[in-house]
Amino acid sequence: MDTVADTLDDFAAALRHGRGMSENTVRAYLGDVRDLDRFLAARGGDAAASSPVTGLSVEAIRAWVWEGSARGLARSTQARRIASVRMYTHWLRDRGVLDSDPVARIATPRQGSSLPRVHSRATMARLLDAAAAQAAEGDPVLLRNWAMLEMLYATAMRVSELTGLDLSSVDLDTCLV
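Not measured: the values here are computed from a predicted model. (Residues numbered from 1 in each chain as written. Predicted model: local features only at pLDDT ≥ 70, side-chain atom pairs only at ≥ 80, totals over all residues. Heavy atoms only, no water.)

Novice: Would you mind going over helix 4 (residues 75-94) with me for this structure?
Specialist: Because each turn of an α-helix spans 3.6 residues, side chains separated by three or four positions end up pointing in the same direction. Across its 20 residues, helix 4 extends 28 Å between first and last C-alpha, which sits within 8% of the 28 Å expected from 1.5 Å per residue. All buried positions along helix 4 are accounted for by Gln78, Ala79, Arg81, Ile82, Ser84, Val85, Met87, Tyr88, Thr89, Trp91 and Leu92. Where helix 4 is buried, its residues meet helix 1 (4-18), helix 2 (23-43) and helix 3 (58-70). Once helix 4 ends, the next one or two residues include Gly96, with phi positive near 85°. (Helix = DSSP H or I, 4+ residues; strand = E, 2+ residues; numbered from the N terminus. Expected span 1.5 Å × (residues − 1). Buried < 20%, exposed > 50% of the residue type's maximum accessible area, 1.4 Å probe, protein only. Contact = heavy atoms within 4.5 Å.)

Novice: Would you mind showing me how to read the layout of surface pockets here?
Specialist: Where empty space is left can be seen by rolling a probe of water-molecule size over the atoms. Considered as a void within the structure, the largest pocket measures approximately 300 Å³ in volume. Every residue along the wall of the largest pocket is listed here: Pro116, Arg117, Val118, His119, Met124, Leu127, Leu149, Leu152, Tyr153 and Ala156. Of all the elements, helix 6 (residues 140-155) adds the most residues to the lining of the largest pocket, at 3 residues. Partitioning the lining of the largest pocket into residue classes produces 8 nonpolar, 1 polar and 1 charged. (1 Å grid on protein atoms, 1.4 Å probe; cavity = no way out; pocket = protein on both sides within 12 Å on 5 of 7 lines; lining within 4 Å. Points joined across faces, edges and corners; volume = space filled by probe spheres on them. Nonpolar A, V, L, I, M, F, W, Y, C, P; charged D, E, K, R; others polar.)

Novice: Sorry, what's going on with the pattern of salt bridges here?
Specialist: Between side chains of opposite charge, pairing is possible as soon as their charged atoms come close. If you walk through the whole model with that rule in mind, you get 8 salt bridges. Of the charged contacts in the structure, one is a salt bridge between Asp32 and Arg80, with a shortest N-O distance of 2.7 Å. With Asp32 in helix 2 and Arg80 in helix 4, the pair connects residues that are 48 residues apart, well separated along the chain. Three or more residues joined by partner-sharing salt bridges are found here, namely Asp35, Arg38 and Arg81. (Salt bridge = Lys/Arg side-chain N within 4 Å of Asp/Glu carboxyl O.)

Novice: Sorry if this is basic, but what is going on with the packing of helix 2 against helix 3 here?
Specialist: Relative placement of two packed helices is described by the angle separating their axes and the distance separating the axes. Where helix 2 contacts helix 3, the axes come no closer than 10 Å and their chain directions differ by 105°. As summarised for this structure, helix 2 and helix 3 are arranged roughly perpendicular, according to the angle between their axes. Between helix 2 and helix 3, the contacting residues are Asp32, Asp35, Leu36, Phe39, Leu40 and Arg43 on the first element and Glu59, Ala60, Ile61, Ala63, Trp64 and Glu67 on the second. Partitioned by chemical class, the residues of the contact of helix 2 with helix 3 number 7 nonpolar, no polar and 5 charged. (Axes fitted to C-alpha atoms, helices over the stretch in contact; angles between N-to-C directions. Parallel < 35°, antiparallel > 145°, perpendicular 65-115°, else oblique.)

Novice: Just checking my understanding: could you explain helix 3 for this structure?
Specialist: In a regular helix each residue adds 1.5 Å, so 13 residues correspond to 18 Å; helix 3 covers 18 Å between its end C-alpha atoms and thus fits that length. Along helix 3, the positions that sit buried rather than exposed are Val58, Ala60, Ile61, Trp64, Val65 and Gly68. Lining the buried residues of helix 3 we find helix 2 and helix 4. One or two steps after helix 3, the chain reaches Gly72, where phi turns positive at roughly 85°.

By themselves these figures say nothing about function.
Rendered as structure tokens:
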């Protein structure tokens, strides 16, 4: 009988190659599935063992979601955790390991609708001017920091996208990243 731990390497490969997910997303999804596995194992009395895949039921997953709520996890975190496990159980069902998808009947928490806080143009101008003045000293670290701030402000990219860039991401001929 397959355990959750037995299936995670294949699931990770399916996420990376079949779905084209980033390494950060794969790591988060696997962490969520492992957290569910630990919860189910502890609930079954053996916290050190991986739980059997057949132990994935609507009731067990709802209990895990409830436990996350009791721990004070944000709705966005709960939504991601459910999405992770939903993708996992869907993958198990497609492989014939599960007869039905226990997460299909579990609702995802609604996200709150709050906008991010935005700095004023004047604040951003002061920040970028200060970074440019420090970079003028020629210190490579300060030059890098200034370039990173300018890139973030000009493109609205995520920090993880920025830190994932390397020299091959820059086309000097067309001045594009």
